[in-house]
Amino acid sequence: MEVHRSLDAARAACASRRASGTLGLVPTMGALHEGHLTLVRRAREENDAVAVTVFVNPLQFGPHEDYERYPRDEAGDAALLEGAGADLVLFLPADEMYPPGHVTRLDQGALCTELEGAARPGHFAGVLTVVCKLFNICTPTRAYFGHKDFQQTVVVRRMVEDLDMPVEVVVCPTRRDPDGLAMSSRNAYLSPAERAEGLALVTALGEAQRLFAAGERSRAALEAAMQRILLDRLRRPADYAAVVSPDDFSRPELAHPGDVAVVAAPVGPTRLLDNHALGAKLGPFSPGP
Ligand code: AMP
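Residues numbered from 1 in each chain as written. Predicted model: local features only at pLDDT ≥ 70, side-chain atom pairs only at ≥ 80, totals over all residues. Heavy atoms only, no water.

1. Examining the overall build of the protein chain
Each helix and strand counted, the protein chain has nine helices and nine strands in total. For 289 residues, the compact-globule estimate of 2.2 N^0.38 gives 19 Å, and the C-alpha radius of gyration of the protein chain, at 19 Å, lies within 12% of that figure. Expressed along its principal axes, the backbone C-alpha trace of the protein chain runs to roughly 55 × 40 × 40 Å. The buried share among the 289 residues of the protein chain stands at 54%. Long-range contacts, defined as pairs at least 24 residues apart, comprise 73% of the intrachain contacts of the protein chain with a sequence gap of at least 6. Accessible area for the protein chain stands at about 12,900 Å²; split by element, carbon and sulfur atoms hold 54% of it. The protein chain carries 30 positive and 38 negative side-chain charges, and their two centres are separated by 3 Å. (Helix = DSSP H or I, 4+ residues; strand = E, 2+ residues; numbered from the N terminus. Rg over C-alpha atoms; globule rule 2.2 N^0.38 Å. Buried < 20%, exposed > 50% of the residue type's maximum accessible area, 1.4 Å probe, protein only. Contact = heavy atoms within 4.5 Å. Areas by Shrake-Rupley, 256 points an atom, 1.4 Å probe, with all protein chains shown as cover. Lys, Arg positive; Asp, Glu negative; His and termini not counted. Charge placed at Lys NZ, Arg CZ, Asp CG, Glu CD.)

Take a look at the structure:
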């Protein structure tokens, strides 16, 4: 496994792999867990070479968010990536990614201001800009993203299509802990009690799925059921609990299979988000210790 720490070295290493075969790219912000490694293993199966970028992207954090304290563990990440079969690990320096004078931003208007975009103004412009840069630097054949960040997968696909980017976007299922909590680097911020509270998100999604499977199609009823659970368990309103179309986040009066239940809520010192495509299997999960 090669490790590179400059844009020039990253570009050259990717170009050399790409010259002799397909390249799968897994963009991450590090503090890696099984969710990330699932993406790496899938990329390993489908490509001749796999590159993983580790870059905590300042552009996608708001001024009062956790950019400074976001967990960082380069040695741990490199060891996990070696085990998962990555060929290239690219730790990209922020001052090279965004040298003085950089101003260009990608944005998609309403798609970037719904849901997470409403809670985090500017977040998706930062995401799209960095993903576009990573595609240009690494020129991957395929790029791997997790359904965990559902809205991100939609805006990235939209960008690739709108801008004719020559890359295939592959979306992988959300990995969960045995009790159902969606794996996230930010789970590291949670105390055991807060982590238990965080299970409210998957419980709410499970209830929406249960009602949907039992024939409930009213979006308002599905949303109300999720909101009730979140309010009850977290003792404050969620940021959102909604059922949306997977194409444009519009909210249909009647839910259809494949519409996505999305939830986000503050839990302890952080925010958690999760989602579930209605009609798909969710659980069962084993209760925590
Ligand atoms: P991050 O490091 O949080 O930016 O995540 C990097 C990639 O890993 C993104 O495409 C995420 O959607 C994906 N990812 C994060 N958590 C999970 C998870 N629990 N299951 C599957 N993919 C995930």
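2. Some points on the site of the ligand
Of all residues adjacent to the ligand, which total 17 residues, the nearest are Met 29, His 36, Asp 149, Arg 175 and Met 183. His 36 places a polar side-chain atom, nitrogen or oxygen, 2.8 Å from an oxygen atom of the ligand. Between a nitrogen atom of the ligand and a main-chain N or O atom of Arg 175, the distance comes to 2.8 Å. In isolation the ligand exposes 490 Å². Once the protein is present, 93% of that is buried. Every element with two or more residues in the shell around the ligand is listed here: strand S2 (23-28), helix H2 (34-46) and strand S5 (142-146). Broken down by element, the shell around the ligand gets its largest block of residues, three residues, from H2. (Near = heavy atom within 4 Å. Polar contact = N/O pair within 3.5 Å; in protein donor to acceptor, adjacent residues only side chain to side chain.)

3. So, the sheet that holds strand S8 (residues 260-267)
Spatially, three strands are ordered S7-S8-S9 in an open sheet, and the strand pairing comes out antiparallel. At either end of the open sheet lies a strand with only one pairing partner, and these are strand S7 (240-244) and strand S9 (270-277). For this sheet the average axis-to-axis angle between neighbouring strands, irrespective of direction, equals 10°. With eight bridges joining them, S8 and S9 adopt antiparallel strand pairing. Within S9, the residue paired with Val 263 across the bridge is Asp 274. (Pairing = 2+ DSSP bridges. Axes fitted to C-alpha atoms, helices over the stretch in contact; angles between N-to-C directions.)

4. Looking at the nonpolar core
In terms of nonpolar packing, the biggest core is built from 47 residues, with Met 97 and Phe 135 touching the most fellow members. Counting residues per element, this core draws most heavily on helix H6 (residues 123-138), which supplies ten residues. Residue assignment places this core across two domains, with domain 1 (2-172) and domain 2 (190-277) each supplying three or more. When residues no more than four places from it in sequence are discounted, the contact partners of Phe 135 are Leu 25, Pro 140, Ala 143, Phe 145, Val 156, Met 159, Val 160, Met 165 and Val 167. Judged by nonpolar contacts, the second largest core, of 27 residues, contains Leu 222, Val 243, Val 263 and Ala 265. (Core = buried A, V, L, I, M, F, W, Y, C linked by side-chain atoms within 4.5 Å. Domains from an automatic or database assignment.)

5. Let's talk about the packing of H2 against helix H3 (residues 74-84)
One can describe the packing of H2 onto H3 by two numbers: an axis separation of 9 Å at closest approach and a directional angle of 35°. Read as a crossing pair, H2 and H3 show a hand that is right-handed. Together, Leu 37, Val 40, Arg 41 and Arg 44 of H2 and Leu 80, Leu 81 and Ala 84 of H3 make up the contact between the two elements. (Left-handed = near helix turned anticlockwise from the far one by under 90°.)

6. Describing the sheet that holds strand S4 (residues 88-91)
Pairing in this open sheet of six strands is parallel, and the strands run S1-S4-S3-S2-S5-S6 from one edge to the other. Single-partner strands in this sheet number two, and they are strand S1 (2-4) and strand S6 (168-172). Between one strand and the next, the sheet's axes are offset by a mean angle of 25°, whatever the strand orientation. Bridge analysis of S5 against S6 gives five bridges, and the strand direction is parallel. Its bridge partner lying in S6, Gly 146 is registered against Cys 172. Here H2 sits on the sheet and contacts S2, strand S3 (49-54), S5 and S6; the angle it forms with S5, its principal contact strand, is near 155°.

The values are spatial; any link to function lies outside them.
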